[in-house]
Amino acid sequence: MLEDIKPHIAELRSRLIKIVIIYFLFFLIAFIFWKDIFAWMSEPLMSALKLEKSSKIIFTGLAEPFFTAVKISIFSGFFFSLPFILYQAWAFIAPGLYNNEKKMILPFVFWGTVMFLAGAAFAYYVVFPVGFKVLVTFGGQQFTAMPRISEYVSFFGKLMLGFGIAFEMPVVTYFLAKLGLVTDKTLKDFSRYAIVVIFILAAVLTPPDLFSQMAMAVPLLILYGVSIIIAKVVNPEKNTSN
């Protein structure tokens, strides 16, 4: 038994090492250009802070800018290396698939990347502009918004990753349906639990405010409905009644 598992462990280790190397390279590149990346990351917040003349981004610890640069590089390294990570993940499971299933690796990598970026773009261009304005101006004249750079980068990264992962749902559903692992009935039967799971995920992946949680939960619910349609087209439940 152990002898049968050893080749798979060696294969997994090899692919993880490749992922770590590529990720580290992108991490270093991002660290070199962290100021430019931060300028892009902070644009939605800066637009909201302009509504309050005395508001600005600050840091309170001497090492905070450095660790912020590290956080930005960690976040950016994952974004840039995502296609390679998806490729390695599919390549690891490919030996257990049929030849026609192995050919899905390029569509999986392409659409997995596209949907992740679509989710991140939805957060950046739709959720952030509205959400930051609401949060910054919520206290009216009673408070002055001075967000810390490290907290903002963590906030930004968490939401971007959360929305990116959430938008992978139709892609994952398509390939699971293509492999015959799920049907539309499977997803329909699980829908009552899926709603609960979605709201739990929205609460965990987003900051503890209602707007952020609803901004993630609603698209997730829509994407789950789209996933049911995808499963129905790709692998519909067979009618076994006579």
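Here's a quick rundown of the structure. Keep in mind that this is a model prediction, so the values were computed, not measured. For every chain, the first residue of the written sequence is number 1, and numbering continues from 1 along that sequence. Whole-chain, interface and lining totals are the exception, using all residues; otherwise, since this is a predicted model, local features are given only for residues with pLDDT of at least 70 and side-chain atom pairs are given and counted only at 80 or more. For the side-chain quantities, the full set of heavy atoms in the structure was used; hydrogens and water were omitted.

On to the side chain of E64, then. Within the secondary structure, E64 is located in helix α3 (residues 64-93). Burial classes follow relative accessibility: with a 1.4 Å probe on protein chains only, a residue under 20% of its type's maximum area counts as buried, one over 50% as exposed, and anything between as partly exposed. Overall, E64 belongs to the buried group, its relative accessible area being 6%. A polar contact is formed between the side chain of E64 and the side chain of S150, at a distance of 2.7 Å. Note on contacts: a residue pair qualifies if any of its non-hydrogen atoms lie within 4.5 Å across the two residues. Once residues lying within four places of it in the same chain are set aside, the contact partners of E64 are I58, F59, R148, I149 and S150. Secondary structure elements are defined from DSSP: runs of H or I of at least 4 residues count as helices, runs of E of at least 2 residues count as strands, and each element is numbered from the N terminus. N or O atoms closer than or at 3.5 Å make up a polar contact, with two conditions inside protein: a donor-capable atom paired with an acceptor-capable one, and, for residues adjacent in sequence, both atoms drawn from side chains.

As a further point, take helix α8 (residues 184-205). Here the expected length of a helix is defined as 1.5 Å per residue gap, with one fewer gap than residues. Helix length check: α8 (22 residues) gives 27 Å between terminal C-alpha atoms against 32 Å at 1.5 Å per residue, more than 12% under. The seven residues ending at a residue and the seven starting there each receive a fitted axis; the angle between those axes is the bend at that residue. The sharpest bend along α8 measures roughly 60° and falls at S191.

Turning to the layout of surface pockets, a few remarks are in order. The calculated volume of the largest pocket comes to roughly 360 Å³. Cavities and pockets are defined on a 1 Å grid built over the protein atoms alone: a cavity is a set of grid points where a 1.4 Å probe fits but cannot escape, while a pocket is an open set with protein on both sides within 12 Å along at least five of seven lines, and lining residues are those with an atom within 4 Å of any such point. Along its surface, the largest pocket is lined by 15 residues, and L45, L135, V136, A145 and P147 are the ones closest to its centre. Elements represented by at least two residues in the lining of the largest pocket include exactly α5 (105-137) and α6 (149-166). Grid points are joined across faces, edges and corners, and a volume is the space filled by probe spheres set on the points. Here the second largest pocket is characterised by a volume of approximately 310 Å³.

Here the focus is a nonpolar patch on the surface. Patch membership requires over 30% relative accessible area and the absence of a salt bridge. Like charges are linked within 9 Å, and nonpolar side chains (Val, Leu, Ile, Met, Phe, Trp, Tyr) within 5 Å. Here the Shrake-Rupley method, with its probe set to 1.4 Å, supplies the accessible areas, and only the displayed protein chains count as covering residues. One side-chain nitrogen of Lys or Arg within 4 Å of one carboxyl oxygen of Asp or Glu is enough to make a salt bridge. A grouping of I195, F199, L210, M214, V218, L221, I222 and V226 is seen on the molecular surface, where their side chains present a nonpolar patch of about 670 Å² in accessible area. Of all the secondary structure elements, the ones that give two or more residues to the nonpolar patch are α8 and α9 (210-234). With six residues, α9 is the largest single contributor of residues to the nonpolar patch.

This part takes up the environment of I57. With respect to the secondary-structure elements, I57 resides in the loop between α2 (34-49) and α3. Along the chain, I57 and Y152 lie 95 residues apart, while their C-alpha atoms are 8.8 Å from each other. Once you skip the residues sitting within four places of it in the chain, I57 turns out to touch F38, S42, L45, M46, L49, P147, R148 and I149.

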